[in-house]
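Architecture at a glance
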Amino acid sequence: MPQQTKVVLALAVGVFVGLTLCSTVRPPRPRDESTPVAQQGVRAVAWLPEVRRQSAVSRKPLVAAEPAMHVAIVACGKPAHQDAQTLLSSALRSTRRGTLMFHLVTDDATPDGELARALGSWPWPSRAGYQLHELRFPEQPTRQWKALFKPCASQRLFFPELFPGLARVLYLDTDTLVLADLSELWLHFRSFNNTHSAAMVAEGTRASSSWYPRFARHPFYRPLGLNSGVMLMDLQRMRASDFVSNVVTIYQEYSTAIPFGDQDILNIYYADRREQVFELSCAWNFRPDHCMYGLACNDVQTMGVKVMHGNRGVFHNTQNTPKVRPSNIQPVFQAAYAMFQRLPVSIAWPLPTSTAVQAYKQGFQSSNGQRLCDRLPAYMHFDNAT
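Notes on the structure in this doc start here. Since we're looking at a predicted model, the values are computed, not measured.

Topic: the state of the cysteines
Inspection of the entire model under this criterion finds three disulfides. Across the disulfide from Cys282 sits Cys297; the S-S distance is 2.0 Å. Taking the torsion about the S-S bond as the criterion, the Cys282 to Cys297 disulfide, at about 95°, is right-handed. Of this pair, Cys282 sits in the loop between β9 (277-279) and α11 (300-303) while Cys297 sits in the loop between β9 and α11; the two residues are 15 residues apart in sequence, bridging distant segments of the chain. We note that Cys282, like Cys297, is buried. For the protein, numbering the cysteines in disulfides from first to last along the sequence yields the connectivity 1-2, 3-5, 4-6.

Next up, the structure:
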C-alpha cells in the first residue's frame, strides 16, 4: 500500500475515534412509538399510481429488545447510492445501543439493483435491518419535485404519507456521517413538548455570517434559519397538522425563490410555527462552516462531533475538482469519509477502537494544519480512551 494511502487511512481512523471518544454519557435505552397511526385532517394530495408499491427488498432485525429507531435516507443516482452505503456503515459502526431499522427511499429499489446487492452482502448485526422503498411524489408537478435542489431530495417532505405506519423517523442527508450512538439523538424525542413536530440545527451561529438573514427571499425560521441535513420528524404530528398539503402550497407560492429546495420549504413552513421546532445542538450537524473560519460550534469542545455533515461536496472535493473553492476542500472531513468507505464490511460492528487513538495522533501529525478545520483534533478528548 502506498505511503500516502496509509496516512489517509490512519487519519481516517483517528478522526472517527477522536470525534466519538469524548461522549461519555450513557443514555437510557430509547423508546419508540412506531405503531400504525391514523391520518387526521389531511387534505387530499394526488399521487402517481405507479409509485404506490413498496419494494420487497428488506431485512428485519433478528433481535429487537425494544422498538426500533427508524432512520430514513433518500438516495438517487450512483454517487448518492455510494454515499448512502457509507452513511449506513458509519451509523452501524457507531451505534451500540438499541435496534436500528433503515429506510432507504431510492430510484434503485429493485431486488437486483446495486443497493439491494450491496446491502444483501453485508454481515448485518442482529439488531439492525433495512428496507428499500420506491419514490413517491405528488402527481403534479412530479418532475419539478424530483429535481428540486438535488435529485429526489424533496422526497422527505412526503414522509408522513410515505410511511403511514410510523410515528417517528430520523432523517439523515446522504452526505452525513454518524460519529456517535444514534440512540443519544433519538432520545431527543423525549424532550419534545406537546407542540414540537421536528428537531433541527440552526443554519448558522451569527446573523452576520449566516445565509438566511443575509440572502433569503422568503420567510424563514428566525433568527438564523434551519439546516435540515439532520432532522427528527414526528410524523404523527405532521399528519395531524396537514404538513404535506402545506408544503405543496408553499412550493406553489415560492418555487422561484428557494435555491436550497426542501430545506427552504421547511424554513418557510416553520417561519410562523416556531413552537413546533426543537433546536438541536450543532454537534449533531457539524459542517465545515463550523470550523473553516474558526470554531463556531462551541458544543463540540465538551460533546465532540456527533454527526459530521459534508455539505458542498467536502467529502469528495480535491484540488482537481472543477471550480471548487479552497474552503470546500477539507482533509479532516475527507479522512472520516474515507475510513468508513474503505473499511471491509467483515470488520466487526460496532467498530473496535483498541489501536485507533495511536492512529489518530499519527495521522494528524502528518497533516499540514494550514486549514482551520485541521485544528479539529484540539477540541477532542481521548485521554480516557482504552
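Still more to cover.
Re the sheet that holds strand β2 (residues 69-75)
Picture the strands of a sheet paired through backbone hydrogen bonds; they go either parallel or antiparallel. Spatial ordering of the open sheet is given by β1-β4-β3-β2-β5-β8-β7-β9, a layout of eight strands whose pairing is mixed. Of all strands in the sheet, those bounded by a partner on one side alone are β1 (58-59) and β9. Sheet analysis places strand β7 (residues 198-202) next to strand β8 (residues 226-234), joined by four bridges and oriented antiparallel. In the strand pairing of β8, Val201 is matched with Asn227. The strands touched by helix α10 (residues 262-271) are β7, β8 and β9; relative to β8, the strand with the most contacts, the crossing angle is about 65°.

So, the pattern of salt bridges
Within this structure, the stated rule accounts for eight salt bridges. Asp272 is the salt-bridge partner of Arg273, the closest N and O atoms lying 3.4 Å from each other. Among the residues examined, Asp272 registers a relative accessible area of 61% and is labelled exposed. Here Arg312 and Asp289 are joined by a salt bridge, their closest N and O atoms 2.5 Å apart. With Arg312 in the loop between β10 (307-309) and α12 (331-342) and Asp289 in the loop between β9 and α11, the pair connects residues that are 23 residues apart, well separated along the chain. Asp289 gets classed as partly exposed once you look at its relative accessible area, which sits at 25%. Salt bridges sharing partners connect three or more residues here, namely Arg168, Asp234 and Arg237.

Remarks on α12
When the terminal C-alpha atoms of α12 are compared, their 16 Å separation across 12 residues agrees well with the 16 Å that a helix rising 1.5 Å per residue should span. Where α12 is concerned, the buried positions are Val332, Phe333, Ala335, Ala336, Tyr337, Ala338, Met339 and Phe340.

Observations concerning the packing of aromatic side chains
Using the criterion set out here, one finds 21 aromatic pairs in the structure. Ring geometry for Phe243 versus Tyr269: centroids 4.9 Å apart, planes at 75°, classification edge-to-face. Of the two residues, Phe243 sits in helix α9 (residues 243-254) while Tyr269 sits in helix α10, which places them 26 residues apart along the sequence. With 6.4 Å between their ring centres and 45° between their planes, Phe315 and Phe333 make a pair best called tilted. In this pair, Phe315 sits in the loop between β10 and α12 while Phe333 sits in helix α12, placing the two residues 18 residues apart along the sequence.

Thresholds, definitions, all that
Residues numbered from 1 in each chain as written. Predicted model: local features only at pLDDT ≥ 70, side-chain atom pairs only at ≥ 80, totals over all residues. Heavy atoms only, no water. Disulfide = S-S within 2.5 Å. Helix = DSSP H or I, 4+ residues; strand = E, 2+ residues; numbered from the N terminus. Buried < 20%, exposed > 50% of the residue type's maximum accessible area, 1.4 Å probe, protein only. Pairing = 2+ DSSP bridges. Contact = heavy atoms within 4.5 Å. Axes fitted to C-alpha atoms, helices over the stretch in contact; angles between N-to-C directions. Salt bridge = Lys/Arg side-chain N within 4 Å of Asp/Glu carboxyl O. Expected span 1.5 Å × (residues − 1). Phe/Tyr/Trp six-rings, centres within 6.5 Å; stacked < 30°, edge-to-face > 60°.

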